[in-house]
Amino acid sequence: MTRHQISAKSNQHPAIRRSTAVCSALALWVFGISLSWAGPSIADAPIVIQFSHVVTPETAKGKAAMRFKELAESRTGNRVRVEIYPNSQLYKDREELDALRLGAVQMIAPSLSKLASLGGADFEFFDLPFLFKDRAAFRTVVNGPVGLSLLKKLEPSGVRGLAFWDNGFKVFTANRPLQTVGDFKNQRIRVQASRVLLTQMKSLGASVSVSPLTNVYESLKRSQLDGQENSPSNIYTQRLHEVQSNLTVSNHGYLAYAVIVNKPFWDKLPHDVRLTLEGALREATLYEHDIAEQENNRALAQIRASGKVKIYTLSADERNQWRAALTPVYQEARGRISSETFSSVNSLMGTPP
Ligand code: LMR
């Protein structure tokens, strides 16, 4: 289902739907009522998990959310019902973090970039340009002590981190070729809310705009933005290639997620249900890891086949020029991101980040 089909399903304007949902959540929170878990006194009511995300059901994240739903429902004998709200249907980027903390939804899977606002600057480490040489390097880092300590940093905000999901390497799109660093001059580029990404764009000489993913298509169409960075699967499923003329396969940064839940909700689940859900999530995570790369390869092929954009792949020399121009990003990050994270990643990857 595309963004446009989803919004066509409702008679209400999305902004009204979203603000009504936020108000209801606040009201219920104030009165100390759990929105989603009816509790043991209503014997037959299923436990409802509302899972909100900002991409389409056709992405790796969208498909893995659906796999989690199927596994969770069948393995608990329908004691749990998982309702998935994709493509910012309920909440945009920042809103879904607030909704999770308030208990208006119980599960989300935001990008690590967006999690800095909850768990601190160490989440932005993953935005550093040219950090990982491949997916395996990313997985080694998040499956080790760095990943665990990151998830722990979310707990004071009432959030429990359960898994890391993949997307993949980001590319740039614009209405001009972005080949040399100089090509970024006077370009207004959308990034996610992360100081590392802001410094990245500044170092490339671009001007920068932070906005929710769901607004990017319209902003590009109206020329309020010149370009953006994202994975091919997000570009294709959000139809951004239809409003851009050029795409550079730069693979300059990595996009990944954490699957996180409202901690009070999760901790109150019956023990057996929680264990079953954790097992279902482990399996959905393996599935997500299996399909993420192929979703991006397929999306890039579909973008190419659409004939709407010229695709250019950076040469090794050009990558080196970009890398040199992006040195200040590391300097700025060292002032904010913990030295433990830098040194753990250094020892895991065998080369200094
Ligand atoms: C973005 O905002 O561009 C991405 O974080 C969206 C996503 O969840 O993949």
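Please refer to the structure higher up on the page.
Cut-off values and rules
- Residues numbered from 1 in each chain as written.
- Predicted model: local features only at pLDDT ≥ 70, side-chain atom pairs only at ≥ 80, totals over all residues.
- Helix = DSSP H or I, 4+ residues; strand = E, 2+ residues; numbered from the N terminus.
- Buried ≥ 20, exposed ≤ 12 C-beta atoms within 10 Å, placed from the backbone.
- Contact = placed C-beta atoms within 7 Å.
- Pairing = 2+ DSSP bridges.
- Axes fitted to C-alpha atoms, helices over the stretch in contact; angles between N-to-C directions.
- Near = placed C-beta within 6 Å.
- Domains from an automatic or database assignment.
- Parallel < 35°, antiparallel > 145°, perpendicular 65-115°, else oblique.
- Left-handed = near helix turned anticlockwise from the far one by under 90°.
- Nonpolar A, V, L, I, M, F, W, Y, C, P; charged D, E, K, R; others polar.
- Right-handed = clockwise from strand over helix to strand, strands pointing away.
- Arc of directions from axis to C-beta.

This paragraph deals with the overall build of the chain. Across its full length, the chain carries 15 helices and 11 strands. By the burial criterion, 43% of the 353 residues in the chain qualify as buried. Counted over contacts in the chain with a minimum sequence separation of 6, partners at least 24 positions apart contribute 78%.

So, about the environment of Glu-318. In this fold, Glu-318 is placed in helix α13 (residues 316-325). Between the alpha carbons of Glu-318 and Val-181 there is a distance of 8.4 Å; along the sequence they are 137 residues apart. Aside from chain neighbours lying at most four places away, what touches Glu-318 is Gln-179 and Thr-180.

Right, let's talk about the sheet that holds strand β6 (residues 188-191) for a bit. In spatial order, the strands read β7-β6-β8-β5-β9-β11; together these six strands make up an open sheet with mixed pairing. Since the sheet does not close on itself, it has two edges, and those belong to β7 (207-210) and β11 (310-313), each with one partner. For this sheet, the mean angle separating the axes of adjacent strands, direction not counted, is 25 degrees. As paired strands, β6 and strand β8 (residues 227-230) are joined by two bridges and run parallel to one another.

Surrounding the ligand, one finds Val-54, Val-55, Asp-93, Ser-111, Asn-167, Gln-192, Leu-213, Asn-230, Asn-234 and Leu-255. When residues of the shell around the ligand are assigned to domains, at least three map to each of domain 1 (3-118 + 155-162 + 257-291) and domain 2 (171-254 + 297-349).

The next point concerns the packing of helix α3 (residues 60-75) against helix α12 (residues 271-306). Contact geometry of α3 with α12 gives a least axis separation of 8 Å together with a crossing angle of 155 degrees. By the angle class used here, α3 and α12 are roughly antiparallel. The way α3 lies across α12 gives a crossing that is right-handed. Residues Ala-60, Lys-63, Ala-64, Arg-67, Phe-68, Leu-71, Ala-72 and Arg-75 of α3 lie in contact with α12, whose contacting residues are Thr-276, Leu-277, Ala-280, Leu-281, Glu-283, Ala-284, Tyr-287, Glu-288, Ile-291, Ala-292 and Glu-295. Grouping the amino acids of the contact of α3 with α12 by side-chain chemistry returns 12 nonpolar, one polar and six charged.

In this section: the pairing of β6. Pairing analysis gives four bridges linking β6 to β7, with the strands arranged parallel. Its bridge partner lying in β7, Arg-190 is registered against Ser-209. For the crossover from β6 across helix α8 (residues 195-203) to β7, the handedness is right-handed.

Here the focus is the environment of Val-210. Looking at the element boundaries, Val-210 is found in strand β7. Between the alpha carbons of Val-210 and Ile-189 there is a distance of 8.4 Å; along the sequence they are 21 residues apart. If we ignore the near neighbours within four places in the chain, the residues touching Val-210 are Val-191, Gln-192 and Ala-193.

A few words on the packing of α8 against helix α14 (residues 327-334). Orientation of α8 relative to α14, taken along the N-to-C sense of each, is 150 degrees, at an axis distance of 8 Å. One element, α8, and the other, α14, form an angle in the roughly antiparallel class. When you trace α8 past α14, the crossing you get is right-handed. When α8 is examined against α14, the residues Val-196, Thr-199, Gln-200 and Ser-203 are found in contact with a partner set consisting of Pro-328, Val-329, Glu-332 and Ala-333. Its residues placed into classes, the contact of α8 with α14 shows four nonpolar, three polar and one charged.

Along the chain, Pro-212 turns up in the loop between β7 and α9 (213-221). Residue classification places Pro-212 among the partly exposed residues on the basis of 18 C-beta atoms within 10 Å. Spatially, the C-alpha atoms of Pro-212 and Glu-95 are 9.7 Å apart, while their sequence positions differ by 117 residues. Apart from residues no more than four positions distant in its own chain, Pro-212 is found in contact with Ser-88, Lys-92 and Asp-93.

Moving on to the sheet that holds strand β10 (residues 254-262). As summarised here, the arrangement of the five strands in space is β2-β1-β3-β10-β4, forming an open sheet in which the pairing is mixed. Looking at strand neighbours, the two that pair on one side only are β2 (80-85) and β4 (159-169), the edges of this open sheet. Summarising the sheet, β4 and β10 pair through nine bridges and their orientation is antiparallel. For Phe-164, the partnering residue across the bridge sits in β10 and is Ala-258.

A word on α9. Because an α-helix packs 3.6 residues into every turn, residues spaced three or four apart end up facing the same way. Buried residues of α9: Leu-213, Val-216 and Leu-220, and no others. Buried residues of α9, viewed axially, fall in a sector of 15 degrees; they line one side. Where α9 is buried, its residues meet α4 (93-102), β6 and β8.

A few words now on the pairing of strand β5 (residues 171-174). Alternating residues of β5 divide into Val-171 and Thr-173 and Phe-172 and Ala-174, and every residue in both groups is buried. Pairing of β5 with β8 involves three bridges; the strand directions are antiparallel. When the bridges of β8 are listed, Val-171 appears paired with Asn-230. For β5 and strand β9 (residues 246-249), the ladder comprises three bridges, and the chain directions are antiparallel. Within the sheet, the bridge partner assigned to Ala-174 lies in β9 and is Asn-246.

Shape is all these values report; function is a separate question.
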